[in-house]
Amino acid sequence: MPDAGYLTIGKVVKRLQAQYPDLTVSKVRYLQDEGLINPSRTPGGYRLYSQRDIRRLETILYLQKNRFMPLSVIKEELDRGESKSSAKGEVTADNVQVRRDDEDVAERLHPIDRMPELCGTTVSFVRELSEAGVIKLKKSPHGRDLVDGHDLPLIRICDELRRYGFGAKNLRSYVIAANRESSAFEQALMVFARRGGGVEVEHTEENRRQFDEAFSRMLGLTNAVRSELIGRRVKEAFKDLGE
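All values reported here derive from a predicted model rather than from experimental measurement. All chains use their own residue numbering, which begins from 1 and follows the written sequence. Selection of residues for local features in this predicted model requires a pLDDT of at least 70, selection of side-chain atom pairs for listing and counting requires 80 or more, and totals for whole chains, interfaces and linings are taken over all residues. To get the side-chain values, take all heavy atoms of the structure and skip hydrogens and water.

1. Section: the packing of aromatic side chains
For any pair of aromatic rings, geometry is given as the distance between the ring centres together with the angle between the planes. Pairing of aromatic rings covers Phe, Tyr and the six-membered ring of Trp, with a centre-to-centre limit of 6.5 Å; geometry is then stacked below 30 degrees between planes, edge-to-face above 60, and tilted otherwise. One pass over the structure, following the stated rule, counts zero aromatic pairs. Definition used: whenever NZ (Lys) or CZ (Arg) falls within 6 Å of the ring centre and also within 35 degrees of the ring normal, the charge is taken to sit over that ring. Sitting above the plane of the Phe125 ring, Arg162 keeps its charged end 4.1 Å from the centroid.

Set out below in structure tokens:
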């Protein structure tokens, strides 16, 4: 019998809608049908979601919303990560002690030495990402380097980019660009709040929802512009190869 940590599909959607306003029960069922998530069932046939299922769903939604990755690629990446994790997932006293040590810091922090099994990449590469400013490592009370669980999808993406020759140092320019562009986004959202979208600058649930929707759309549009501009320049640089 599932314990209290399991949630129904309706409660899962309600829990995640603050961060993903477009999430619906139908979308979650579609992801189930596509094999991206596989919740357990009660004897009566109702699907129940464990905390692991919810974390997997959050990862899928993040990669769709912020990285525009197709579901086929997301599924491949997640399945590959789980396969590696299963191969090395034996429970040891040391692992249990690490979890106990880190619980006092934050629920979603992971020791950096678990990155090979969680992300399929090396510890040294994760440190390089930290040095480049792509992610920020934290410290446990015992001085252990920890990785924020929300950074795991980003680490996997960077690891795949590495196969195409994008090292951590190459990604530093994206960090600089993101820091620079974030101020432009903040200014644009303030304009949207006061004029464009007619949203009053108040911290209400409805306003936050409208801000999230506006930000998501702006992010998608600017990513499209960036992709188009980079694509044009790369094609121009290699156009002679096709002649």
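Don't stop here, the text continues.
2. Things to note about helix α8 (residues 152–162)
Counting buried residues in α8 gives eight out of eleven residues, a clear majority hidden from the surface. Of the residues making up α8, those classed as buried are Leu152, Pro153, Leu154, Ile155, Arg156, Ile157, Cys158 and Asp159. Considering only its buried residues, α8 is in contact with α3 (51–67), β3 (109–111), α6 (115–119), α7 (123–131) and β5 (145–148). For every residue, the accessible area (1.4 Å probe, protein chains only) is compared with the maximum for its type, and the residue is labelled buried under 20%, exposed over 50%, or partly exposed between those bounds. A helix here means a DSSP run of H or I that spans at least four residues, while a strand means a run of E at least two residues long, and both kinds are numbered starting from the N terminus. Any two residues having at least one pair of non-hydrogen atoms within 4.5 Å are treated as being in contact.

3. Here we look at the side chain of Asp145
Here Asp145 lies in strand β5. Polar side-chain contacts of Asp145 include one of 2.6 Å to the side chain of Arg127. Polar contact is the term for a pair of N or O atoms within 3.5 Å; when the atoms are in protein, one must be able to donate a hydrogen and the other to accept it, and sequence-neighboring residues count only if both atoms are side-chain atoms. Separated by 2.7 Å, the side chains of Asp145 and Lys139 make a polar contact. Beyond its immediate stretch of four places on either side in the chain, Asp145 contacts His110, Pro111, Ile112, Arg127, Leu137, Lys138 and Lys139.

4. Concerning the confidence of the model for the protein chain
Each residue carries a pLDDT score, the predictor's own confidence in it, on a scale running from 0 to 100. Residues at a pLDDT of 70 or more form 79% of the protein chain, whose mean pLDDT is 78. At the level of individual helices and strands, the protein chain shows its lowest average pLDDT in helix α5 (residues 93–103), which scores 39, and its highest in α7, which scores 95. The low-confidence segment residues 86–107, where pLDDT is below 50, has 18 contacts with residues more than four positions distant or belonging to other chains.

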